[in-house]
Amino acid sequence: MSVDRSTAAAPGATDSPATRLQALFEGHRLTPTQRRIAHSMVRRAADVPFLSSVELAELAGVSQPSVTRFAVALGFDGYPALRKHLREVVPAEPAAEAGSYNEYQQAVEAEIENLRHLAELLADPRPVQKAGRILAASRPLPVLGLRAAASQAYGFAYFAAKVHPDVRLLNEGGTMIHDRIDAAVRAGATALLCFALPRHPREVVDTLAYAREAGLTVVTVADSAFAPVARHSDLLLPAAVGTGLAFDTACAPMLLGRVLLEALCDDLPDAQARLEDFDAHAAARGLFVE
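Model, not experiment: these values are computed from the prediction. (Residues numbered from 1 in each chain as written. Predicted model: local features only at pLDDT ≥ 70, side-chain atom pairs only at ≥ 80, totals over all residues. Heavy atoms only, no water.)

K.L.:
Teacher, can you tell me more about the pairing of strand β5 (residues 217-222) here?
P.N.:
The side chains of a regular strand alternate, first on one face of the sheet and then on the other. β5 sits mainly inside the fold: 5 of its 6 residues count as buried. Alignment of strand β4 (residues 191-196) against β5, held across 6 bridges, turns out to be parallel. Following the sheet pairing, F195 is matched in β5 by V221. You can see the chain leave β4, run along helix α10 (residues 202-213) and come back into β5, and the turn it takes is right-handed. The pairing of β5 with strand β6 (residues 235-238) spans 4 bridges and is parallel. By the bridge assignment for β6, T220 is matched with L236. (Buried < 20%, exposed > 50% of the residue type's maximum accessible area, 1.4 Å probe, protein only. Helix = DSSP H or I, 4+ residues; strand = E, 2+ residues; numbered from the N terminus. Pairing = 2+ DSSP bridges. Right-handed = clockwise from strand over helix to strand, strands pointing away.)

Shown next, in the form of structure tokens:
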């Protein structure tokens, strides 16, 4: 489910357990700890109706009283009332145990589940299509990604530059980043694409706030609709990261970036011609080994 600050949720969106949970949380001002609980629940939507408050606390890495306060923040008398509600609105069977998998296989299985969740969200293509229109119309198009998200931004910018006439990669922070946003705005930019992954650098949040103040429409690919960048995004597209290894894995955000590229191409009438021209020049230069 996208978080679109300019329009209400589109009707006809996929009615999966995860999206029903997402709808339950939207409209509430949650603390960072509560957003962490909500994010954990969305990722394990099939299991949460069967979890105790202690089990949910362990899943989210928070205290049991935090789970109780979270339930109250959502308008319930306590966690038992929330769980009863979840069993009514998010009916599902507990997921099968994966005890036969080693830790590396479990990480892969978790990423497969993240991709399945992304596929469910893309059952309603309108948020991505809207993002494609917004990004295609921006000349130039700044693409922001710092630290863990720098490679996501670089990959998108690399391919987008083959079809978009002016893509500006912002993958290094520092005092110059606001200057580069100002320069993009002066050149005619109307939107900025941001890739935001945990741990979320404060500089990314500050940069998005600055970009919106400068008049840019911010489209963000983030690990969760509850990420700290959400409040500074006009359109947020979530794609979960894997957390089972020492360093997070980001297959779903990368794939969502490629889906965004497809939507961008759909709204650039000369995209195909540009790609064919690139292929012709690459062949003439012997750029690639056949």
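K.L.:
Would you take a moment to explain the environment of T68 for this structure?
P.N.:
Positionally, T68 belongs in helix α4 (residues 64-73). Taking the C-alpha atoms as reference points, T68 and D248, separated by 180 residues in sequence, lie 28 Å from one another.

K.L.:
Just checking my understanding: could you explain the pairing of strand β2 (residues 141-144) for this structure?
P.N.:
What you see with β2 is no split at all: L141 and V143 on one side and P142 and L144 on the other are buried throughout. Inspection of the sheet shows β2 paired to strand β3 (residues 167-170) by 4 bridges, in the parallel sense. Among the inter-strand pairings, V143 is bridged to a residue of β3, identified as L169. For the crossover that starts at β2, traverses helix α8 (residues 150-160) and ends in the parallel β3, the hand is right-handed. The pairing of β2 with β4 spans 2 bridges and is parallel. Bridge pairing in β4 links V143 to L193.

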